[in-house]
Amino acid sequence: MKSEEYPITALGISEPHPAQRRVLLADPGKSILFLGGRGSGKTVTGLARSIIQCMRPENAGQAFAIIAPTYRLLVRVHLKVLMQMLDAYKAHTGWSLIKRYYKHDQRIVLRNQCEIFLASFSNVDKIRSMTLGAGVYLDEIEIDRQPMETMSTIAGSIRGTEGTQGLLVTTTPRGMRGSVKHWIERTREGGEQFDPNYQTSIH
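Rules behind the numbers
- Counting starts from 1 at the beginning of each chain's written sequence and moves along it residue by residue.
- Owing to the predicted nature of the model, reporting of local features is limited to residues with pLDDT of at least 70; listing and counting of side-chain atom pairs is limited to 80 or more, with chain, interface and lining totals taken over all residues.
- Water and hydrogen atoms play no part in the side-chain values, which are based on all heavy atoms of the structure.
- The axes used here are C-alpha line fits, helices contributing only the stretch in contact, and every angle between their N-to-C directions lies in the interval 0 to 180 degrees.
- Secondary structure elements follow DSSP: runs of H or I of four or more residues count as helices, runs of E of two or more count as strands, with numbering from the N terminus.
- Note on terminology: angles under 35 degrees are roughly parallel, angles over 145 are roughly antiparallel, angles of 65 to 115 are roughly perpendicular, and the others are oblique.
- Left-handed describes a crossing whose near helix is turned anticlockwise from the far helix by less than a right angle; the clockwise case is right-handed.
- We call two residues in contact when some of their heavy atoms are within 4.5 Å.
- Any two strands are treated as partners once DSSP identifies two or more bridges connecting them.

Draft legend 1. Main features of the packing of helix α2 (residues 42-54) against helix α3 (residues 71-93). Interhelical geometry of α2 versus α3 gives an angle of 55° and a closest axis separation of 10 Å. Taken together, the axis directions place α2 and α3 in an arrangement best described as oblique. In this structure, α2 meets α3 at a crossing whose hand is right-handed. Contact residues: α2 offers Thr43, Val44, Leu47, Ala48 and Ile51, while α3 offers Val77, His78, Val81, Leu82, Met85 and Leu86.

Structure follows, in structure tokens:
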């Protein structure tokens with residue numbers, strides 16, 4: 001997917017607002033937190049970046065996961081929107097990014113052999129054994145009872161060449177806790193836990 005030839009709107013979405021653009025244009029190896037309320041475009045942004053990330057040349061043949069609270073939500077929202085984006089891209093460009101779709105285990109193989117797995121963090125142990133060389137998109141982690149423990153388990157499955165994979169988290173904040181606290185501590189310049197590989201976008 002070449003952004004210089006096909007704009008992000010080729011995925012059938014509106015022109016991104018500034019908070020979305022910061023996520024979509026961020027370095028592929030960044031650990032990103034996108035905070036926003038309902039209707040702020042978190043899921044659309046997360047899925048669009050997922051497609052961009054998977055189609056990067058260095059992620060050919062790798063694995064990527066889209067993870068949400070429940071399997072039901074994954075199928076009704078994330079899979080539906082993802083397929084709409086991929087269909088829009090085919091209509092815009094004349095060719096499909098999808099090579100195969102395995103409905104029985106919700107796995108999509110793209111043209112560059114990058115595999116997208118859809119999973120629920122309600123059963124995080126299944127994710128623990130995965131090797132996700134292209135990265136992870138994790139949605140609404142803050143509704144989990146133990147968001148940091150779950151996120152850490154998922155992040156541990158991101159293994160690959162440095163700079164080719166990243167963690168994107170989109171969520172609605174529930175106070176200074178969990179992933180929100182984690183990212184703020186690492187993006188506060190001059191702080192003891194500051195890490196330049198972390199980025200926060202707020203809408």
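Draft legend 2. The sheet that holds strand β1 (residues 31-35), seen in detail. The strand order across the open sheet formed by 8 strands is β3-β4-β5-β2-β6-β7-β1-β8, and the pairing between neighbours is mixed. Where the open sheet ends on each side, the last strands, each with one partner, are β3 (98-102) and β8 (198-202). Neighbour to neighbour, the strand axes of the sheet diverge by 15° on average, direction disregarded. Relative to strand β7 (residues 166-171), strand β6 (residues 135-139) runs parallel, the two being bridged by 5 bridges. Bridge pairing in β7 places Asp139 opposite Thr170. Sheet strands touched by α3: β2 (63-68), β3, β4 (107-110), β5 (115-120) and β6. Its angle to β2, the strand with the most contacts, is close to 130°.

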